[in-house]
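Chain by chain, the residues:
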Amino acid sequence: AKQHGLAKWVEGIAPKGKKVVLVEDVITSGGSLLKAVEHVREAGAEIVVATTVVDREQGGREAIEAAGIPYRPLSTISEIRAQFKDNT
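So, here's what we can say about the structure. In this text, all values refer to a predicted model and were calculated from it rather than measured experimentally. (Residues numbered from 1 in each chain as written. Predicted model: local features only at pLDDT ≥ 70, side-chain atom pairs only at ≥ 80, totals over all residues. Heavy atoms only, no water.)

**Details of the sheet that holds strand β1 (residues 19-27)**
Next up, step 1: With respect to topology, three strands assemble into an open sheet ordered β1-β2-β3, the strand pairing being parallel. Each edge of the open sheet is held by one strand with a lone partner, namely β1 and β3 (71-73). Mean inter-strand twist for the sheet, computed between neighbouring axes without regard to direction, equals 25°.
Next up, step 2: In terms of strand pairing, β1 meets strand β2 (residues 46-55) through eight bridges, oriented parallel. Paired with V21 across the bridge in β2 is V49. (Pairing = 2+ DSSP bridges. Helix = DSSP H or I, 4+ residues; strand = E, 2+ residues; numbered from the N terminus. Axes fitted to C-alpha atoms, helices over the stretch in contact; angles between N-to-C directions.)

**Concerning the nonpolar core**
Next up, step 1: Counting 12 residues, the largest nonpolar core is built from V20, L22, I27, L33, V37, V40, A45, I47, A50, I64, I69 and Y71.
Next up, step 2: Taken together, the elements giving at least two residues each to this core come down to β1, α1 (31-42) and β2.
Next up, step 3: The residues contacting I27, other than those within four sequence positions of it, are L33, T52, V54, D55, R56, G60, I64 and Y71. (Core = buried A, V, L, I, M, F, W, Y, C linked by side-chain atoms within 4.5 Å. Buried < 20%, exposed > 50% of the residue type's maximum accessible area, 1.4 Å probe, protein only. Contact = heavy atoms within 4.5 Å.)

**Concerning the environment of V53**
Next up, step 1: Note on placement: V53 falls in strand β2.
Next up, step 2: Residue V53 is classed as partly exposed on the basis of its relative accessible area, which comes to 42%.
Next up, step 3: Each C-alpha atom of the pair V53 and E24 lies 6.8 Å from the other, and the pair is 29 residues apart in sequence.
Next up, step 4: Excluding residues within four positions of it along the chain, V53 makes contact with E24, D25, L74 and S75.

Shown next, in the form of structure tokens:
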């Protein structure tokens, strides 16, 4: 649960029967997102995809996909490093 907002695992509209996308800022091992997966599934939602702004490429993708969730990062740390290397 968050320390802000309503401090609930799932906030907003009731997710029961809804298709949802999980969005995370940064994924490392995927542990935080997988905790959220449990709560969202318990609330009755179907997770159709998980996404992140940055995948640090430290096992998160594998853990999320092993949980049966399609995973689409917006960028990976390798891509970011390559971009900075190309621009320096």
